[in-house]
Amino acid sequence: MNYLDFIVTAQKFGEPRGIPSICSAHPLVLEAALRHGRDYGKPVLIEATSNQVNQFGGYTGMTPEDFVRRVTELAERVGFPRERLILGGDHLGPLPWAREPAEDAMRKAADLVRAFVRAGFTKIHLDCSMPLGGETTVTLETIAWRTAQLARVAEEAAEERRGMLRYVIGSEVPPAGGAQAEEGPPPITRPEDAAATIKAMQQAFLALRLEAAWERTIALVVQPGVEFGDEAVYEYNRSAAAPLARLIETVPGMVYEAHSTDYQLPEALRAMVEDHFAILKVGPALTFALREAIFALADIEAALGLEPPSRIREAFETAMLSNPAHWQKYYRGDPRSQKLARQYSLSDRIRYYWTAPEVQNAFRHLMRNLGDRPIPWGLLSQYLPEEYRRVRRGELRNHPRELLLGKVMRILEDYRWATDNPAGKPIVSP
C-alpha cells in the first residue's frame, strides 16, 4: 500500500498515524532526514516548494529534475531504500508568477506541475489560492477550477504512473516561506469553510472528468492555529481546533495537512496527529537547528584557539547585507534588532544564504579547522549539551559533522514520536 494511503486508512480506523514533511533543500538537513528514516525503517517525505525549485531554477537554482537527482543520490549514499522515499511538490501553482496576467501565470504553473510530475514527484500540493495579475480577490470557485486544471495537467504528465500520484488541496494556505506571526495567532479555519472548499474542489475535479484523481486526493490544507515568527510560537490549541478536527472525520479518504508546525512542542505535535492533522510540514526549524549547531562549533573553534578562524557568523552577515531581499521586509526595528534577527530569528531567513560563496567557504574552513578530532567533553557540554549526553550514551559519534546531523535528527525525533507512536509512549526514556 502507498504509505500515504496507509496513514489515511489508519486515521479513519482511529489510529493516530502521521508523517512529517521535510521542506528543505539543504543537503545536511536532507541527509539527516534520510539517515533518520533509515535507522528507524520508515518512509521519508521530502518536499520542494515552487519558489524554491521550479522549471526556471527557483531560489536554489534547481529544477525538479535537479532536486530529485540530489535527493536520490543522497539516499543511495546513506543507504536509504529508494522505494521508501516520497517526493512532494509544495505550493505548486502560479505563486511565483502571481503578479503576471492570469493566463500567463497559469501557463507557467502548468509547466511547473508537468515538470514536477515528470521528474518523479508523487505527492502534489496544488495551490491556486492567490489573486493573479490585476485581480484584487479570487473566489473559491475560481481557485477550485484552476486547481482542477492543474490536476488534469498532472494526470496527463504522469501517463503510466498516474495511479501513483496523491493530491493535497486547500485554499487556506500560509505563505510559502513563512508568515508574519508577531501580531497574534492566526485564526483557525472554520469548519464550514473547509467543507465548502472540499465541495468546490470535488465539483471542479468531476467537471473535468477527474474522478480517479479525486479518489487520490488525500489531504486538505487548513489553518489549525499554529504559526511562528521572529520571537513567537503559537502552540496548537486542541480545544479551539476541535470543531475543525471533527469535520474531517465525516470526509472519506481525507485527512488534514498542517503547515508551519515548526517549533511546536512534541506533545502539541502529537495532539495534532490525534486530531487528524496527519501531515506535518517542517522546514525552518530544521535549518534553525543546523545553524545553532554550526554557531556552537564556531564557539568551540574559538575556545580551542584554532587559527585562522572561519568567521562563519561574519560570512552570513556579509551575505545577508549584500543581498537583503530575503530578510529586509520581514525583520523590523532598529539596526541592532535587525542584526539580532538576521542571525537568531525563529523565522530563520538566514536559511536563504547557505549557498552564498562566502558562507560555503567559511563552512569548509570551519570543518577543516575542527578536523576529525573529538571535541573535548567540557566544550561539548558547554555548547552542545544535548549532543554531549548522546555522545556519553554512545548514541552519537563525537565528530563535528556527526554533531551537526545529530542536532537536526533531534528535531526529527520529536516528529517521529508524534507521528509514529500509536501507543503514546513517554517522550523521555527513564
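Residues numbered from 1 in each chain as written. Predicted model: local features only at pLDDT ≥ 70, side-chain atom pairs only at ≥ 80, totals over all residues. Heavy atoms only, no water.

## As for the overall build of the protein chain
Here comes step 1: Along the protein chain, the regular secondary structure elements total 16 helices and 10 strands.
Here comes step 2: By the compact-globule yardstick of 22 Å for 430 residues, the protein chain fits well, its C-alpha radius of gyration being 22 Å.
Here comes step 3: Projected onto the principal axes, the alpha-carbon positions of the protein chain cover approximately 70 × 50 × 45 Å.
Here comes step 4: Buried residues in the protein chain amount to 57% of all 430 residues.
Here comes step 5: A separation threshold of at least 6 residues defines the contact pool for the protein chain, and within that pool the share at least 24 residues apart is 75%.
Here comes step 6: Total accessible area on the protein chain stands at roughly 18500 Å², and carbon and sulfur atoms take up 51% of it.
Here comes step 7: Both charge centroids of the protein chain, one from 52 positive and one from 56 negative side chains, sit 3 Å from each other. (Helix = DSSP H or I, 4+ residues; strand = E, 2+ residues; numbered from the N terminus. Rg over C-alpha atoms; globule rule 2.2 N^0.38 Å. Buried < 20%, exposed > 50% of the residue type's maximum accessible area, 1.4 Å probe, protein only. Contact = heavy atoms within 4.5 Å. Areas by Shrake-Rupley, 256 points an atom, 1.4 Å probe, with all protein chains shown as cover. Lys, Arg positive; Asp, Glu negative; His and termini not counted. Charge placed at Lys NZ, Arg CZ, Asp CG, Glu CD.)

## Describing the sheet that holds strand β5 (residues 166-169)
Here comes step 1: The strand order around the closed barrel built from 8 strands is β1-β2-β3-β4-β5-β6-β9-β10, with neighbouring strands paired in parallel fashion. Direction aside, neighbouring strands of the sheet carry axes that sit 25 degrees apart on average.
Here comes step 2: Of the pairings in the sheet, the one linking strand β3 (residues 85-92) to strand β4 (residues 123-126) comprises 3 bridges and is parallel in character. From the neighbouring strand, G89 faces β4, where its bridge partner is I124.
Here comes step 3: Packed onto the sheet, helix α3 (residues 64-78) meets β2 (44-49) and β3 and runs at close to 150 degrees relative to β3. (Pairing = 2+ DSSP bridges. Axes fitted to C-alpha atoms, helices over the stretch in contact; angles between N-to-C directions.)

## Examining empty space enclosed by the protein
Here comes step 1: All told, the structure shown has 2 cavities of 30 Å³ or more when counted by the stated rule.
Here comes step 2: Considering only enclosed or pocket space, the largest cavity measures out at about 220 Å³ in volume.
Here comes step 3: If you go around the largest cavity, you meet 18 residues; those closest to its centre are I19, P20, H36, K42 and P43.
Here comes step 4: If you list the elements that add at least two residues to the lining of the largest cavity, you get β1 (19-23), α2 (27-40), β2 and α16 (400-419). (1 Å grid on protein atoms, 1.4 Å probe; cavity = no way out; pocket = protein on both sides within 12 Å on 5 of 7 lines; lining within 4 Å. Points joined across faces, edges and corners; volume = space filled by probe spheres on them.)

## A few points about the packing of aromatic side chains
The description of two aromatic rings rests on the distance between their centres and on the angle between their planes.
Here comes step 1: Taken as a whole and assessed by the stated rule, the structure comprises 16 aromatic pairs.
Here comes step 2: On the basis of an interplanar angle of 80 degrees and a centroid distance of 6.2 Å, the ring pair of W377 and Y388 is categorised as edge-to-face. Of the two residues, W377 is situated in helix α14 (residues 377-383) and Y388 in helix α15 (residues 385-392); the sequence distance between them amounts to 11 residues.
Here comes step 3: You can call Y388 buried: its relative accessible area is 17%.
Here comes step 4: An aromatic cluster is defined as three or more aromatic residues linked by ring pairs; in this entry it consists of F295, F316, Y344 and W354.
Here comes step 5: The ring of F295 carries R313 above its face, with NZ or CZ at 4.5 Å from the centroid. (Phe/Tyr/Trp six-rings, centres within 6.5 Å; stacked < 30°, edge-to-face > 60°. Lys NZ or Arg CZ within 6 Å of the ring centre and 35° of its normal.)

## Notes on helix α4 (residues 102-119)
Here comes step 1: The terminal C-alpha atoms of α4, which comprises 18 residues, lie 25 Å apart, in line with the 26 Å expected from a rise of 1.5 Å per residue.
Here comes step 2: By the burial criterion, the buried members of α4 are A105, M106, A109, A110, L112, V113, F116, V117 and A119.
Here comes step 3: The inward-facing, buried residues of α4 abut β2, α3, β3, β4 and α5 (140-158).
Here comes step 4: Directly after α4, the chain includes G120, whose backbone phi takes a positive value near 120 degrees. (Expected span 1.5 Å × (residues − 1).)

## As for the packing of α4 against α5
Here comes step 1: Taken N-terminus to C-terminus, the directions of α4 and α5 make an angle of 35 degrees; their axes are 9 Å apart at the nearest point. Relative to α5, α4 is oriented so that their crossing is right-handed. Each of A102, M106, A109, A110, V113, R114, V117 and R118 in α4 lies in contact with α5, whose residues at this interface are R146, Q149, L150, V153, A154, A157 and A158. (Left-handed = near helix turned anticlockwise from the far one by under 90°.)

## Side note on the pattern of salt bridges
Here comes step 1: For the structure shown, the criterion picks out 33 salt bridges.
Here comes step 2: Here D90 and K281 are joined by a salt bridge, their closest N and O atoms 2.9 Å apart. With D90 in strand β3 and K281 in strand β10 (residues 277-282), the pair connects residues that are 191 residues apart, well separated along the chain. As far as burial versus exposure is concerned, D90 and K281 are alike and both buried. (Salt bridge = Lys/Arg side-chain N within 4 Å of Asp/Glu carboxyl O.)

## Here's the deal with the side chain of D90
Here comes step 1: Assessed through its relative accessible area of 4%, D90 is described here as buried.
Here comes step 2: Separated by 2.9 Å, the side chains of D90 and H125 make a polar contact.
Here comes step 3: Once residues within four sequence positions are removed from consideration, D90 is found in contact with C23, E47, A48, T49, S50, H125, E257, H259 and K281. (Polar contact = N/O pair within 3.5 Å; in protein donor to acceptor, adjacent residues only side chain to side chain.)

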